[in-house]
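# Structural overview
Below are the chains, spelled out letter by letter.
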Amino acid sequence: MPMMPKRVKFRKQQRGWMGGIATRGSEISFGDYALKSLDRGWLTAIQIEASRVALTRHVKRGGKIWMRVFPDKSYSKKAAETRMGKGKGAPEYYVAVVKPGRILFEMGGIPEALAKSAMRLCAHKLPFRTKFIKRSGI
């Protein structure tokens, strides 16, 4: 079962506007190392889960991982070969809106080399460019 909100006020959402850079969620808050997005885009629940699995498997369930994104926007789609009209399609899946500068994942309690290699594997599962960063106090 992919990640999705438990309850929503409205089932369908408009596409919205992805301009600007991330002001919230752009600093390391919990761990020592993080993966920061450099591009904008939508991150699906399946992509988030695939990245999380890649991270946890690489560190062999060591250390701690924080996921800083959650898919709370519904993505609706009409069936293939459907004529125009007859309303908006049903929600297909959920996405998280990601802007440049947003922290996606954080890790702590493991060596830097291991965190860097784990984040590299995680970045391959994501649809945009990312950057490995570490807390300034380290």
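In the block above lies the structure referred to throughout.
Analysis parameters
Each chain carries its own residue numbering, running from 1 in the direction its sequence is written. Two thresholds apply to this predicted model, a pLDDT of at least 70 for residue-level local features and 80 or more for giving and counting side-chain atom pairs, whereas whole-chain, interface and lining totals are computed over all residues. Note that water and hydrogens are dropped before the side-chain values are worked out from all heavy atoms of the structure. Candidate patch residues must exceed 30% relative accessible area and have no salt bridge, after which like charges are joined if within 9 Å and Val, Leu, Ile, Met, Phe, Trp or Tyr side chains if within 5 Å. Accessibility throughout is a Shrake-Rupley quantity obtained with a 1.4 Å probe, and a residue counts as covered only by protein chains that appear here. For this analysis, a salt bridge means a side-chain nitrogen from Lys or Arg found within 4 Å of a carboxyl oxygen belonging to Asp or Glu. We count Lys and Arg on the positive side and Asp and Glu on the negative side, and we leave His and both chain ends out. A single reference atom marks each charge: NZ on Lys, CZ on Arg, CG on Asp, CD on Glu. Helix numbering and strand numbering both begin at the N terminus, where a helix is a DSSP run of H or I of at least 4 residues and a strand a DSSP run of E of at least 2. By the convention used here, strands pair only if DSSP detects at least 2 bridges between them. Note on definitions: angles span 0 to 180 degrees between N-to-C directions of axes, and those axes are lines fitted to C-alpha atoms, for helices only across the stretch in contact. The contact rule is simple, with two residues in contact once any of their heavy atoms fall within 4.5 Å. Here a polar contact means two N or O atoms within 3.5 Å. Within protein one must be a hydrogen donor candidate and the other an acceptor candidate, and residues neighboring in sequence count only if both atoms are side-chain atoms.

### Here's the deal with a positive patch on the surface
- Residues Arg11, Lys12, Arg15, Lys78, Arg83, Lys86 and Lys88 make up a contiguous surface patch of positive charge.
- The residue Lys12 is located in the segment before β1 (33-37) in this model.

### What to know about the sheet that holds strand β6 (residues 103-108)
- With antiparallel pairing, the four strands of this open sheet are ordered in space as β3-β6-β1-β7. Edge strands, defined here as strands with exactly one partner in the open sheet, are β3 (64-67) and β7 (130-134). Strand-to-strand twist across the sheet, computed as the mean angle between neighbouring axes with direction ignored, equals 20°.
- Taken together, the four bridges between β3 and β6 define a ladder with antiparallel strand orientation. Each residue of the ladder has a partner; that of Ile65, found in β6, is Met107.
- Across the sheet, helix α1 (residues 45-58) touches β3 and β6, and the angle it forms with β6 is around 20°.

### Some points on the side chain of Arg68
- Tracing the chain through its elements places Arg68 in the loop between β3 and β4 (73-77).
- Among the polar contacts listed, one links the side chain of Arg68 to the side chain of Glu106, at a separation of 2.2 Å.
- Sequence-distant contacts of Arg68, defined by excluding residues within four places in its chain, comprise Gly25, Glu27, Ser29, Phe30, Arg102, Ile103, Leu104 and Glu106.

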